[in-house]
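# Structural features, examined
What follows is the residue order along each chain.
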Amino acid sequence: MIAQQLKLIQKSIQDYALKYQRDANDIKLIAVTKQQSLKAIQTAIECGQTDFAESYVQEAINKITTLHNPKLIWHFIGPIQSNKTRDIAAHFSWVHSLDRLKIAERLNIQRPNHLSQLNVCIEVNIDDESSKAGVKPNEVLLLARQIDALPKLKLRGLMTIPKPTVNFNEQRQAFAKLRELQGQLKHEGFLVDTLSIGMSDDLEAAIAEGATCVRIGRAIFGSR
Ligand SMILES: *Cc1c(COP(=O)(O)O)cnc(C)c1O
């Protein structure tokens, strides 16, 4: 089941890449394994999947240390509390959900010296929803400058979780706004190569708007 679903998603990524004149190699599939079992993750690993994302720190650390597989690349995509930054800095290669200077500073200080820079994306609240994580679009540039000054962090790009909608054009519009913000950062001289957009229900819209990382959970592992 997981093996088949994984193949289907890989095929979709290739089909959409072709449809929107993109190179499928520029689109990294990240398997979102929050609330999924170790066995499910093992199955995906056996299928060759190497990039995995988690949203809850303790659950993630348990899985990462149990699997203990240096080939895997772990992405943190959940809300970040100050008291969890040390664990995140020690166990992850990427953080997609960075939205505060204080957290960035802690990750920078706590990133172990034997590890390479922590790759980070700024999470943007693209639809300006009151209860949602992420910086406002007009706050992105300031936070990008602040992150740029932190030597153990490497700013890679932007991430967003838009307001859910089944309307394809609305999905694209939200992602297009994020793509424009990335363009502004590039214009300011930032070497940002990552647009972390696209989940199970908006994969096509994300690829149409330039996704370089897609974060897929349910479409691979089933409902949580
Ligand atoms: C859970 C989650 C996903 C995966 O969502 P699916 O709908 O299961 O594909 C992607 N990104 C983030 C930030 C998530 O929390």
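Anyway, here's the lowdown on the structure attached to this text. All of these numbers come straight from a predicted model, not from anything done at the bench.

## Some words on the overall build of the protein chain
What the protein chain contains, in helices and strands, is nine helices and eight strands. What you see for the protein chain is a C-alpha radius of gyration of 17 Å, in line with the 17 Å of a compact globule of 224 residues. Based on the C-alpha atoms only, the size of the protein chain along its principal axes is roughly 45 × 40 × 30 Å. Per-residue burial over the protein chain gives 50% buried out of 224 residues. Sequence separation of 24 or more characterises 58% of the internal contacts of the protein chain that already satisfy a separation of 6 or more. Of the side chains in the protein chain, 29 bear a positive and 24 a negative charge, and the two mean positions are spaced by 4 Å.

## Topic: the side chain of Ser82
Structurally, Ser82 is set in the loop between β3 (73-76) and α4 (85-91). Residues contacting Ser82, with those up to four places away along its chain left out, are Lys102, Ile103 and Arg106.

## Some words on the site of the ligand
The environment of the ligand is formed by Val32, Lys34, Ser55, Ile77, Ile161, Met199, Ser200, Arg215, Ile216, Gly217, Arg218 and Arg224. Within the side chain of Arg215, an N or O atom sits 2.9 Å from a nitrogen atom of the ligand. Contact between the ligand and Gly217: an oxygen atom at 2.8 Å from a main-chain N or O atom of the residue. In isolation the ligand exposes 390 Å². Once the protein is present, 91% of that is buried. Taken together, the residues that form the shell around the ligand break down as five nonpolar, three polar and four charged.

## Digging into helix α2 (residues 38-46)
For α2, the complete set of buried residues consists of Ala40, Ile41, Ala44 and Ile45. Down the axis of α2, the buried set is contained in an arc of 140 degrees. They therefore lie on one face. The outward face of α2, more than 90 degrees from its buried face, is lined by the exposed residues Lys39 and Glu46. Of the surrounding elements, those touching the buried residues of α2 are α1 (2-19), β2 (51-54), α3 (57-67), β3 and α9 (218-221).

## Examining the pattern of salt bridges
Across all of its chains, the model carries ten salt bridges by this definition. Where Lys11 meets Asp15, a salt bridge forms, and the shortest distance between an N and an O atom there is 2.9 Å. One end of the pair, Lys11, and the other, Asp15, are both in helix α1, four residues apart, so they sit about a helical turn from each other. Look at Lys11 and you get partly exposed, because its relative accessible area is 46%. Linking Glu59 and Lys63 is a salt bridge whose minimum nitrogen-to-oxygen distance equals 2.6 Å. A residue pair is termed a helical-turn pair when its members lie 3 or 4 positions apart in one helix, as Glu59 and Lys63 do in helix α3 at four residues. By relative accessible area, Glu59 is classed as partly exposed at 23%. Members of the salt-bridge network, linked through shared partners, are Glu54, Glu59 and Lys63.

## Thoughts on unusual backbone geometry
Phi at Gln21 takes a positive value of approximately 55 degrees, unusual for a residue other than glycine. By secondary structure assignment, the location of Gln21 is in the loop between α1 and β1 (28-32). We note that His68 has phi near 45 degrees; this positive angle belongs to a residue other than glycine. Inspection of the secondary structure assignment puts His68 in the loop between α3 and β3. On the basis of relative accessibility, which here comes to 65%, the residue His68 falls in the exposed class.

## A few points about α3
Three or more residues of α3 are buried, namely Val57, Ala60, Ile61, Lys63, Ile64 and Leu67. Down the axis of α3, the sector holding all buried residues measures 165 degrees, keeping them to one side. Those residues of α3 that are buried are in contact with α2, β2, β3 and α4. Where α3 terminates, the next one or two residues include His68, which has phi positive at roughly 45 degrees.

What counts and what doesn't
For every chain, the first residue of the written sequence is number 1, and numbering continues from 1 onward in sequence order. Totals for whole chains, interfaces and linings use every residue, but because this is a predicted model, local features are given only for residues with pLDDT of at least 70 and side-chain atom pairs only at 80 or more, for both listing and counting. Working from all heavy atoms in the structure, the side-chain values ignore hydrogens and water. Under the scheme used here, helices are H or I runs from DSSP no shorter than 4 residues and strands are E runs no shorter than 2 residues, and both carry numbers assigned from the N terminus. Taken over C-alpha atoms, the radius of gyration is set against a globule rule of 2.2 Å times the number of residues to the power 0.38. Throughout, exposure labels follow a simple rule: accessible area from a 1.4 Å probe, protein chains only, divided by the maximum for the residue type, with under 20% read as buried, over 50% as exposed, and the rest as partly exposed. It only takes one pair of heavy atoms within 4.5 Å for two residues to be counted as in contact. For the purpose of counting charges, residues Lys and Arg are taken to be positive, whereas Asp and Glu are taken to be negative. His and the chain ends are not included. Where a charge lies is defined by one atom per residue type: Lys uses NZ, Arg uses CZ, Asp uses CG and Glu uses CD. Each residue is tested against the molecule or strand, and it is near if at least one of its non-hydrogen atoms lies within 4 Å. Whenever two N or O atoms come within 3.5 Å, that pair is a polar contact, provided that in protein one can donate a hydrogen and the other can accept it, and provided that, for residues adjacent in sequence, both atoms are side-chain atoms. We get accessible surface area from the Shrake-Rupley algorithm with a probe of 1.4 Å; when it comes to residues, only the shown protein chains can shield them. Amino acid classes used here: Ala, Val, Leu, Ile, Met, Phe, Trp, Tyr, Cys and Pro are nonpolar; Asp, Glu, Lys and Arg are charged; the rest, including Gly, are polar. Note: the arc covers the axis-to-C-beta directions of the helix. Here, a salt bridge means any side-chain nitrogen of Lys or Arg that lies within 4 Å of a carboxyl oxygen of Asp or Glu.

Taken by themselves, the reported measurements are silent on function.
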